[in-house]
Amino acid sequence: MLATLKSEESSGQLQLVEREDIDDDEDLFEAIDKLIAQGINAGDVKKLQDAGIYTCNGLMMHTKKNLTGIKGLSEAKVDKICEAAEKLVNFGYITGSDALLKRKSVIRITTGSQALDELLGGGVETSAITEAFGEFRSGKTQLAHTLCVSTQLPTNMRGGNGKVAYIDTEGTFRPDRIVPIAERFGMDPGAVLDNIIYARAYTYEHQYNLLLGLAAKMSEEPFRLLIVDSVIALFRVDFSGRGELADRQQKLAQMLSRLIKIAEEFNVAVYMTNQVISDPGGGVFVTDPKKPAGGHVLAHAATVRLMFRKGKGEQRICKVFDAPNLPEAEAVFQITAGGIADAKD
Ligand SMILES: Nc1ncnc2c1ncn2[C@@H]1O[C@H](COP(=O)(O)OP(=O)(O)OP(=O)(O)O)[C@@H](O)[C@H]1O
């Protein structure tokens, strides 16, 4: 894998495509300001943007109740806006063939390990949520760092030719780790770092607001990856005890719903990490039983669920825990200075 990438090094420097240069059929969303040409006044479009809605596709992912909650938008205005948006985007049925065509826009981003890519059917998928859970030091954050770089590779090198947004809830992002990973892939570390936007979240509300703010950025520039590391940590801190569990799960569901919408609206791969909790119900024959945190709410939100565990030395094992189109199999990979790679033996 590494050899292939290196051999293509000369031709492989990242060329981020300007939004204007992208073919129309590659543009998966209609910008919200196109509503102006449909007779919606610019002031109302601005109100939508202020509420974090930057595309017509994103608009239709909101209920009318949500939209009338935006200051200055009456029910009549919301009806008119939705009608105008429906003229620009088809929100109804499409044929199976069209659905297949739509799937063709999905990109698979290399993890840096061929064995892991094969396990994932080619890599981490856009328009979907990939969740990695596992014990500490099992490689979840290292994979996040590797994806930060590989997402920026051109698509003919199994990258996503796009930018990266990184939301860090535990303070574990290390920009200096990006440097050797970029060098391994034959890329300029400075340029790679410039294509990553990073935010440290301190509360679950802050985490949610950071997601809302992303729509504006993603509608302007080609992003292909959103990392949330870890998705649940702040919820476990900000809500404590059984009494707050229902409230926590409801807020978590709202945030996960936002993540799914971002993935689909902008054809972005969402990679989120999750913690494990001990599972007393795991049975007496299982030593140290562990299960992913977040319960059913998280289980339903993730498209692909991966379980990481430690192997010998720097080796790690990834198991497909749940995925709609992947077999329940395992792959061994290794953490190296240059990020995730194939295991040596
Ligand atoms: N430069 C490097 N070269 C080789 N291995 C490294 C390097 N940097 C970190 N590692 C290894 O990566 C592992 C940590 O992995 P990672 O930070 O991804 O864990 P995690 O699964 O995110 O755990 P946590 O829940 O603690 O955040 C450590 O075992 C460390 O030895």
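Under UniProt, the name given to the chain is Meiotic recombination protein DMC1 homolog, and the organism recorded is Glycine max. Of the comments in the UniProt record for the chain, the one headed Subunit reads "Double stacked ring-shaped homooctamer." For the record of the chain, the UniProt heading Sequence similarities holds the text "Belongs to the RecA family. DMC1 subfamily."

### Concerning the packing of helix α8 (residues 140–150) against helix α9 (residues 175–184)
In contact at an axis separation of 9 Å, α8 and α9 are set at 55° when each is read in the N-to-C sense. Put simply, α8 runs oblique to α9. In the packing of α8 onto α9, the handedness of the crossing is right-handed. Only Arg177, Ile178, Ile181, Ala182 and Arg184 of α9 make contact with α8, whose side of the interface consists of Gln142, His145, Thr146, Cys148 and Val149. A per-class count over the contact of α8 with α9 returns five nonpolar, three polar and two charged.

### Considering the packing of aromatic side chains
Counted according to the given criterion, the structure contains nine aromatic pairs. On the basis of an interplanar angle of 75° and a centroid distance of 5.1 Å, the ring pair of phenylalanine 29 and phenylalanine 266 is categorised as edge-to-face. Of this pair, phenylalanine 29 sits in the loop between α1 (2–7) and α2 (42–50) while phenylalanine 266 sits in helix α13 (residues 245–266), placing them 237 residues apart in sequence. We note that phenylalanine 29, like phenylalanine 266, is buried. Ring centres 5.3 Å apart and planes at 45° place the aromatic pair tyrosine 204 and phenylalanine 235 in the tilted group. You can see tyrosine 204 sitting in helix α11 (residues 204–220) and its partner phenylalanine 235 sitting in helix α12 (residues 233–238), a full 31 residues away along the chain. Assigned by exposure class, tyrosine 204 and phenylalanine 235 land together as buried. Cluster of aromatic residues (ring-pair linked, three or more members): Tyr166, Phe173 and Tyr198. Sitting over the face of the ring of phenylalanine 136, lysine 310 holds its NZ or CZ atom 4.3 Å from the ring centroid.

Criteria and thresholds
Residues numbered from 1 in each chain as written. Predicted model: local features only at pLDDT ≥ 70, side-chain atom pairs only at ≥ 80, totals over all residues. Heavy atoms only, no water. UniProt positions renumbered as here; feature names shortened; annotations may be inferred. Axes fitted to C-alpha atoms, helices over the stretch in contact; angles between N-to-C directions. Helix = DSSP H or I, 4+ residues; strand = E, 2+ residues; numbered from the N terminus. Parallel < 35°, antiparallel > 145°, perpendicular 65-115°, else oblique. Left-handed = near helix turned anticlockwise from the far one by under 90°. Contact = heavy atoms within 4.5 Å. Nonpolar A, V, L, I, M, F, W, Y, C, P; charged D, E, K, R; others polar. Phe/Tyr/Trp six-rings, centres within 6.5 Å; stacked < 30°, edge-to-face > 60°. Buried < 20%, exposed > 50% of the residue type's maximum accessible area, 1.4 Å probe, protein only. Lys NZ or Arg CZ within 6 Å of the ring centre and 35° of its normal.

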